[in-house]
Amino acid sequence: MKLIIGGAFQGKKAFAEKLTGISPDQAADGMTCAYEEIYTAPMIIHFHEYVKRRIQENLPCGQLANELKEKNPEIVIVTNELGYGVVPVSAFDRRYREDTGRICCRLAAEAEEVWRVYCGIGTCIKGEKS
């Protein structure tokens, strides 16, 4: 498993494609994909939006990291970092931010590589290339 994180519009998808050879059109899109698609896709983009959809539909999220490790251990996960900046006013947005952060912490613990992308430049923060 590879986890690629960074702020919005920082070039994460392009970096993921360059790193892995998997194009974004081969990836599941967390904004629109079927929930089960992440267990077979080589990559998921907008993972944070996938988590948001699950929360909005009151679907469980707590086991996502474990399920991905078991069912799709080679997946590349591309997600926004949500924990920086102003704390959201709405209770839903605070829960979404916290749940996504906690899931990403579990994913990072399980991942072979974790990359942070800033201005299109990836820095390996976990793995062989760090």
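Residues numbered from 1 in each chain as written. Predicted model: local features only at pLDDT ≥ 70, side-chain atom pairs only at ≥ 80, totals over all residues. Heavy atoms only, no water.

(A) Focus on the packing of aromatic side chains. Inspection of every chain in the model, using the stated rule, returns four aromatic pairs. Between Phe15 and Trp115 the ring centres are 5.2 Å apart and the planes differ by 55 degrees, which places this aromatic pair in the tilted class. One end of the pair, Phe15, is in helix α1 (residues 12-20); the other, Trp115, is in strand β5 (residues 113-118), with 100 residues separating them in the sequence. Just as Phe15 is buried, Trp115 falls in that class too. Centroid distance Tyr35 to Tyr50: 5.6 Å. Interplanar angle 75 degrees. Geometry classified as edge-to-face. One end of the pair, Tyr35, is in the loop between β2 (28-29) and β3 (43-45); the other, Tyr50, is in helix α2 (residues 47-56), with 15 residues separating them in the sequence. Three or more aromatic residues joined by ring pairs make a cluster, and in this case those are Tyr35, Phe47 and Tyr50. Lying over the aromatic face of Tyr39, Lys71 brings its terminal NZ or CZ to 4.5 Å of the ring centre. (Phe/Tyr/Trp six-rings, centres within 6.5 Å; stacked < 30°, edge-to-face > 60°. Helix = DSSP H or I, 4+ residues; strand = E, 2+ residues; numbered from the N terminus. Buried < 20%, exposed > 50% of the residue type's maximum accessible area, 1.4 Å probe, protein only. Lys NZ or Arg CZ within 6 Å of the ring centre and 35° of its normal.)

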